[in-house]
Amino acid sequence: MMNEQVMKHQLMKVSTKDLLYLTIQNMRKRRGRILLSIFNVFLGVALVSSMMILSSSYTYKSNISLFVVNLNEYQLWVSIISIAVCVITIFNSMLISVAERYKEIGVMKCLGARNILIMKLFLFEALVIGMIGGFIGFTIAAIFTLPILAIQYETILPFIMYLQILFVSLLIAITISIVASVYPARYASKINPTDALRYEV
Amino acid sequence: MSFEYSVETLNLTKYYQLGDTIVKAVENVSIQIHKGEYLSLMGPSGSGKTTLFKLIGGLDKPTRGQVFIENIDISKLDAYELAWLRCRKIGYIFQTFNLIPILTAIENVSLPMIFANVPKQERIKRARELLEKVGLLERVNHKPLELSGGQQQRVAIARALANNPSIILADEPTGNLDLNTGLNITHLLKKINRDNNVTIFCATHDYKILEVSDRIVWIRDGKIEKVETRNYIRKNK
Ligand SMILES: Nc1ncnc2c1ncn2[C@@H]1O[C@H](COP(=O)(O)OP(=O)(O)O)[C@@H](O)[C@H]1O
Ligand SMILES: [Mg+2]
C-alpha cells in the first residue's frame, strides 16, 4: 500500500542492542521489583541446584564424571513445587509490572512502537532476571553444599560437573522466568493505546 | 511523492455505545488540511476533539468515513504500516504531556528514534539539537518530575519532532498550563510550523491560540459548526 521503497529504506526493526539498552534502563529504574524477582528465582534455583549437586555425588563416586540427575522421589517433589511457586510469583510480579507501565506502553505505541517490541521488552527482562537469578542461585548452592559434600560424602565434585550443573541451573532459571512472562508480555503487547490514554481529561 | 492534502477526512464518524445509549462523538466531519498549515480545532469539552485526533492518528477505527494522510487511506494499512505512520509521519502532543516518568528529557526525546531504528550516536545528537530548539539544553538529564509543566510540554514537543514528522497532532497542548506558559508553547508550535513546514493540527479552547492559526475549525457535539480563516478573524476582531 505505502511506498515500498520508503518502507524498506526505513525498516523499523529495533536492534537487539537497543532492546537490551531499553530493558536494562527499565530494570535499573525499577530496581525494587526486579530485585524481588531475581531473589525469587535465586531461591528456587538454589534449592534445586543444591539437590542436584548433592545427588550427583553418588554418580561421581561410581566413577561417572558426567552429571546425571539422580533425585529421589522426595527431592523431585520439593524441586517441582519450588519451581511452581517460582513461576507463579514471577507471573504475578510481571502482571504488576504491566499494570504499572500501562500508560507508558500506550504512549510508546502512540509514538510508533510495534506490538512485537513491547512483547520483546518484557521477555528480555525475563531473560535477564532468569540469568542473574540462576547464576546467583547456583553459586550459593555450590558454596553451601561444599561442607556437606566434604563431611557427609567425603568428596569434592570435579569442576566439569559443576559446569554441567551450572548449565542446567541456568536453563531451569531462564525457562521458569520466560514461561512465567509469556502471558504478561502478550497482554502488554495487546494494550490498546486509546484505553491507556483514556484518563487524559 | 505528491499529494493534495496533508490530512483529509471524509464524512468521518465515530459512535460509542454506552449501555443503551449511543454517543455520537464525531459525526460527518470532512476537513482538508494543507501541507504546512496551522489549523486549530476549537470546541468545548466533550465536543469530540480527542476522538477526532485518535481517528486521524489511526489509534481508533471510525464507525464510518475515511482518513487520508498524504493521500493514503489509513484504513488500508496493516499494523506494521500504521506503526510506521505513527513513528515517522505523525507527532503527538498531549494535554498531560505523557512523558515516560523514569526516563530523562533526552531519553524521552530519543525514544521514538529507537523505534525508528536510528543509530545511537545520531539519536543523541538529534535529541540534543531538538532540546536546544525548545530551549531546554541545560535540562537534558532531568526527569519529567524535576521539570515544570511548561518544560515538560517542551520536552514533549521535542519528542514529537524526533523523527521529522510532517504532521503534528496537538490535543490541548496548553490545557494544563497557566496563561503565560501556554502562550509560550503556542508560539513555539508556531515557530516549528514555520521553520520546519510541519502541518499542525491543534485542539484547544484557548482563544489566545487563534492569532497563530491559519484557519480555525469550530466543532460542537461532534459536528463541524464553522470554519474560519485567519483574515476573517482579524477583520472581525
Ligand atoms: N471510549 C469512549 N467510550 C464512550 N464514550 C466516549 C469515549 N471517548 C469519548 N467518549 C465520548 O465522546 C464525546 C467526545 O469526547 P472527546 O472526543 O474526548 O471530546 P473532547 O476531547 O472535545 O473533550 C464525549 O461525550 C465523551 O464522553
Ligand atoms: Mg479531549
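Residues numbered from 1 in each chain as written. Chains lettered and ligands numbered in written order. Predicted model: local features only at pLDDT ≥ 70, side-chain atom pairs only at ≥ 80, totals over all residues. Heavy atoms only, no water.

### Focus: the overall build of chain A
Definition in use: Helical segments are the DSSP runs of H or I of at least four residues, strand segments are the runs of E of at least two, and each set is numbered from the N terminus. Whether two residues are in contact is decided by their heavy atoms: any pair within 4.5 Å suffices. Calculation of accessible area relied on Shrake-Rupley with a 1.4 Å probe; when residues are assessed, cover is drawn exclusively from the protein chains displayed.
Secondary structure summary: chain A contains eight helices and zero strands in total. Sequence-ordered secondary structure for chain A, helices as α and strands as β, is α-α-α-α-α-α-α-α. Counting only contacts in chain A whose residues sit at least 6 apart along the sequence, the fraction spanning at least 24 positions is 87%. Accessible area of chain A: about 10,400 Å², with a carbon and sulfur share of 70%.

### Let's talk about the site of ligand 1
Residues and elements named next belong to chain B. As a reminder, the rule being used: In this text, near means that some heavy atom of the residue lies within 4 Å of the molecule or strand in question. The term polar contact refers here to a pair of N or O atoms within 3.5 Å; inside protein, the definition further demands a hydrogen-donor-capable atom paired with an acceptor-capable atom, and it admits residues adjacent in sequence only when both atoms are side-chain atoms. We call Asp, Glu, Lys and Arg charged. Ala, Val, Leu, Ile, Met, Phe, Trp, Tyr, Cys and Pro are nonpolar, and the rest, Gly among them, are polar.
In the vicinity of ligand 1 there are 13 residues, among which Gly46, Gly48, Lys49, Thr50 and Thr51 approach most closely. Thr51 has a polar side-chain atom sitting 2.5 Å from an oxygen atom of ligand 1. About the coverage of ligand 1: the protein hides 76% of its 560 Å² of free accessible area. Contributions of two or more residues to the shell around ligand 1 are made by strand E1 (7-18), strand E2 (21-29) and helix H1 (49-56). Ranked by the residues each element gives to the shell around ligand 1, the list is headed by H1, at three residues. Broken down by class, the residue content of the shell around ligand 1 amounts to five nonpolar, six polar and two charged.

### Regarding the interface of chain B and chain A
For the record, the criterion: As a working definition, buried area equals the accessible area (1.4 Å probe) given up by two parts on being put together, with both sides summed. Every case where a carboxyl oxygen of Asp or Glu lies within 4 Å of a side-chain nitrogen of Lys or Arg is listed as a salt bridge.
Taken together, the contact between chain B and chain A spans 33 residues of the former and 34 residues of the latter. Summing both sides of the interface, chain B and chain A together bury roughly 3,500 Å²; the carbon and sulfur share of this comes to 66%. Counting the surface chain B buries against chain A, the share from its top three residues, Tyr80(B), Trp84(B) and Phe115(B), is 22%. Inspection of the chain B/chain A interface yields two salt bridges. Arg123(B) is the salt-bridge partner of Asp18(A), the closest N and O atoms lying 3.0 Å from each other.

### Structural notes on the environment of Leu95(A)
The topology assignment puts Leu95(A) in helix H4 (residues 73-100). For the pair Leu95(A) and Thr145(A), spaced 50 residues apart in sequence, the C-alpha separation works out to 35 Å.

### A few points about the pairing of E2(B)
Worth spelling out the cut-off: The pairing criterion for strands is at least two bridges between them, as found by DSSP.
The pairing of E1(B) with E2(B) spans six bridges and is classified as antiparallel. Each residue of the ladder has a partner; that of Tyr16(B), found in E2(B), is Val23(B).

### Quick notes on the pattern of salt bridges
Under the convention used in this document: Burial here depends on accessible area, computed with a 1.4 Å probe over protein chains only, as a share of the maximum for the residue type. Under 20% is buried, over 50% is exposed, and the range in between is partly exposed.
The final tally for this structure, using the stated rule, is 20 salt bridges over all chains. For Arg101(A), the salt bridge goes to Glu125(A), with nearest N and O atoms at 3.7 Å. A residue pair is termed long-range when its members are at least 10 positions apart, and Arg101(A) in the loop between H4 and helix H5 (102-110) and Glu125(A) in helix H6 (residues 115-153) qualify at 24 residues. For the residue pair Arg101(A) and Glu125(A), the accessibility class agrees, reading buried in each case. Asp195(B) is paired through a salt bridge with Lys191(B); the nearest N and O atoms lie 3.1 Å apart. With Asp195(B) and Lys191(B) both in helix H6 (residues 179-196) and four residues apart, the pair spans about one turn of that helix. In the salt-bridge network here, residues are joined through shared partners; they are Arg30(A), Arg33(A), Glu100(A), Arg101(A), Glu104(A) and Glu125(A).

### So, the sheet that holds strand E7 (residues 90-93) of chain B
All names here are of chain B. The condition is simple: Every axis in this analysis is a line fitted to C-alpha atoms, fitted for helices over the stretch in contact. Angles between the N-to-C directions lie between 0 and 180 degrees.
Taken together, six strands build an open sheet; the order of strands is E7-E8-E9-E4-E10-E11 and the sheet is mixed. The sheet is open, and its two edges are formed by E7 and strand E11 (223-229), each paired on a single side. Strand-to-strand, the axes of this sheet are offset by a mean angle of 15°, without reference to chain direction. Where strand E8 (residues 167-171) lies against strand E9 (residues 199-204), five bridges are found, and the strand directions are parallel. Across the sheet, Ile168 pairs through a bridge with Ile200, a residue of E9. Helix-sheet contacts for H6 involve strand E4 (38-42), E7 and E9, and the interaxial angle to E4 is about 145°.

### Thoughts on the packing of aromatic side chains
Basically, it comes down to this: The criterion for an aromatic pair is that two Phe, Tyr or Trp rings (for Trp, the six-membered ring) have centres within 6.5 Å, with stacked assigned to planes under 30 degrees apart, edge-to-face to planes over 60 apart and tilted to the rest.
Within the structure shown, the criterion is met by six aromatic pairs over all chains. On the numbers, 6.4 Å between centres and 75° between planes, the contact of Phe138(A) with Tyr162(A) is edge-to-face. Within this pair, whereas Phe138(A) is found in helix H6, its partner Tyr162(A) is found in helix H7 (residues 159-189), the two being separated by 24 residues in sequence. Centre to centre, the rings of Phe53(B) and Phe201(B) are 4.9 Å apart; their planes meet at 50°, and the pair counts as tilted. Linking Phe53(B) in helix H1 with Phe201(B) in strand E9, this pair joins segments that are 148 residues apart in sequence. In this pair, the class of Phe53(B) matches that of Phe201(B), namely buried. Grouped by ring-pair contacts, the aromatic residues Phe91(A), Tyr183(A) and Tyr187(A) constitute a single cluster.

### What about a nonpolar patch on the surface?
Applicable threshold: Two distance rules govern patches: like charges are joined within 9 Å, and nonpolar side chains (Val, Leu, Ile, Met, Phe, Trp, Tyr) within 5 Å, applied only to residues with over 30% relative accessible area and no salt bridge.
The grouping of Met131(A), Ile132(A), Ile136(A), Ile140(A), Ile143(A) and Phe144(A) at the surface amounts to a nonpolar patch, some 530 Å² of accessible area in total. One can find Ile132(A) in helix H6.

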